[in-house]
Amino acid sequence: MKYRQIIPTPLGTLIIDASALGLTHVWFSDMANIEIPIVENPSTITQRAAEQLTAYFSGSLVTFDVPLAPVGTDFQQRVWAQLQTLAFGQTCSYGDIAERLGQPTASRAVGMANSKNPLGIIVPCHRVIGKNKHLTGYAGGLDKKAWLLAHENGEFRLAN
């Protein structure tokens, strides 16, 4: 069974999708290609994610602990697992993640996997910036990425 819940955020409406195992998608409604009205079918998992995302946006939560069930290739799963190690307010580059995966020449592949992340904000792909500390692509748009980074720490810095 598939579950869905919708929440308002300072950046627009978020759609939260889950299976019985965990979250499968968190995305902004303007990038979901879904016609409004969207039918909600909440579950305990989507409710928990909604509560945690609301707390994140209010500034009272820095770590998510909702069960995840994204679908992706083995490489994508490895990249997404690395994204989850980035602390609130911490940033890194695609090359940094490639290094952590033991594949230092795979920064472009990391970028592609990052762009396919179905769990925006929860799996913090917005924390990946260019090696030169400039903002790079974000499925929700660079304006949302800049807002999220500023919300978390007010500046863009590379992780060690």
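Basis of the calculations
- Residues numbered from 1 in each chain as written.
- Predicted model: local features only at pLDDT ≥ 70, side-chain atom pairs only at ≥ 80, totals over all residues.
- Heavy atoms only, no water.
- Pairing = 2+ DSSP bridges.
- Helix = DSSP H or I, 4+ residues; strand = E, 2+ residues; numbered from the N terminus.
- Axes fitted to C-alpha atoms, helices over the stretch in contact; angles between N-to-C directions.
- 1 Å grid on protein atoms, 1.4 Å probe; cavity = no way out; pocket = protein on both sides within 12 Å on 5 of 7 lines; lining within 4 Å.
- Points joined across faces, edges and corners; volume = space filled by probe spheres on them.
- Nonpolar A, V, L, I, M, F, W, Y, C, P; charged D, E, K, R; others polar.
- Buried < 20%, exposed > 50% of the residue type's maximum accessible area, 1.4 Å probe, protein only.
- Contact = heavy atoms within 4.5 Å.
- Phe/Tyr/Trp six-rings, centres within 6.5 Å; stacked < 30°, edge-to-face > 60°.
- Core = buried A, V, L, I, M, F, W, Y, C linked by side-chain atoms within 4.5 Å.
- Salt bridge = Lys/Arg side-chain N within 4 Å of Asp/Glu carboxyl O.

**Student:** Hey, could you run me through the sheet that holds strand E1 (residues 3–9) in this one?
**Tutor:** Strand pairing in a sheet relies on backbone hydrogen bonds. The paired strands run either parallel or antiparallel. What the 3 strands build is an open sheet, ordered E1-E2-E3; its pairing is antiparallel. Edge positions in the sheet fall to E1 and strand E3 (23–28), since each has one partner strand and no second. Taken over all neighbouring pairs, the strand axes of this sheet differ in orientation by 15° on average, direction set aside.

**Student:** Looking at this structure, I do not really get the layout of surface pockets. What am I missing?
**Tutor:** It is the rolling of a water-molecule-sized probe over the atoms that shows where space remains empty. What the second largest pocket holds in volume is close to 210 Å³. Contributing to the lining of the second largest pocket are 14 residues, with Val62, Thr63, Phe64, Gln84 and Ile122 lying nearest its centre. Looking at the lining of the second largest pocket, its residues break down into 10 nonpolar, 2 polar and 2 charged.

**Student:** I keep staring at the side chain of Arg127 and nothing clicks. Help me out?
**Tutor:** Structurally, the position occupied by Arg127 is in the loop between helix H4 (107–115) and helix H5 (142–152). On the basis of relative accessibility, which here comes to 3%, the residue Arg127 falls in the buried class. When sequence neighbours within four positions are dropped, the list of residues in contact with Arg127 reads Val62, Leu86, Ala87, Phe88, Gly89, Gln90, Thr91, Cys92, Leu149 and Glu152.

**Student:** In this structure, what is going on with the side chain of Ser43? I would like to understand it.
**Tutor:** With respect to the helices, strands and loops of the structure, Ser43 is situated in the loop between E3 and helix H1 (44–58). When near neighbours in sequence (up to four residues on either side) are disregarded, Ser43 contacts Tyr3 and Gln5.

**Student:** I'm lost on the packing of aromatic side chains in this one. Help?
**Tutor:** Note on aromatic pairs: each is described by the distance of the centres and the angle between the planes. Across all of its chains, the model carries 4 aromatic pairs by this definition. A centroid spacing of 5.2 Å and a plane angle of 80° characterise the contact between Tyr56 and Phe57, whose relative ring orientation is edge-to-face. Among the residues examined, Tyr56 registers a relative accessible area of 0% and is labelled buried. The exposure class of Phe57 is buried, given its relative accessible area of 10%. Centre to centre, the rings of Phe57 and Trp147 are 5.8 Å apart; their planes meet at 40°, and the pair counts as tilted. Separated by 90 residues along the polypeptide, Phe57 in helix H1 and Trp147 in helix H5 bring together distant segments of the chain. Given the relative accessible area of 30%, Trp147 is considered partly exposed. Through a chain of ring-to-ring contacts, three or more aromatic side chains come together here, namely Tyr56, Phe57, Phe64, Phe88 and Trp147.

**Student:** Help me out: how do you make sense of the nonpolar core in this one?
**Tutor:** Soluble globular proteins tend to pack their nonpolar side chains together in the buried interior. With 39 residues, the main nonpolar core has Leu23, Leu53 and Ile121 as its most contacted residues. Counting residues per element, the ones that place at least two in this core are E1, strand E2 (12–18), E3, H1, helix H2 (74–83), helix H3 (94–100) and H4. The greatest single-element share of this core, amounting to 7 residues, is contributed by H1. Discounting residues that sit within four places of it in the chain, Leu53 has contacts with Ile7, Leu14, Ile16, Val26, Phe64, Ile121 and Ile122.

**Student:** Just checking my understanding: could you explain the pattern of salt bridges for this structure?
**Tutor:** It is possible for side chains of opposite charge to pair when their charged atoms get near one another. This structure, assessed with the given rule, holds 4 salt bridges. Across the salt bridge formed by Asp96 and Lys131, the nearest N and O atoms sit 3.1 Å from each other. Of this pair, Asp96 sits in helix H3 while Lys131 sits in the loop between H4 and H5; the two residues are 35 residues apart in sequence, bridging distant segments of the chain. By relative accessible area, Asp96 is classed as buried at 14%. Salt-bridge contacts for Arg127 lead to Glu152; the nearest nitrogen and oxygen are separated by 2.7 Å. Residue Arg127 is located in the loop between H4 and H5, and its partner Glu152 is located in helix H5; the two are separated by 25 residues in the primary sequence. The two residues Arg127 and Glu152 agree in class, both being buried.

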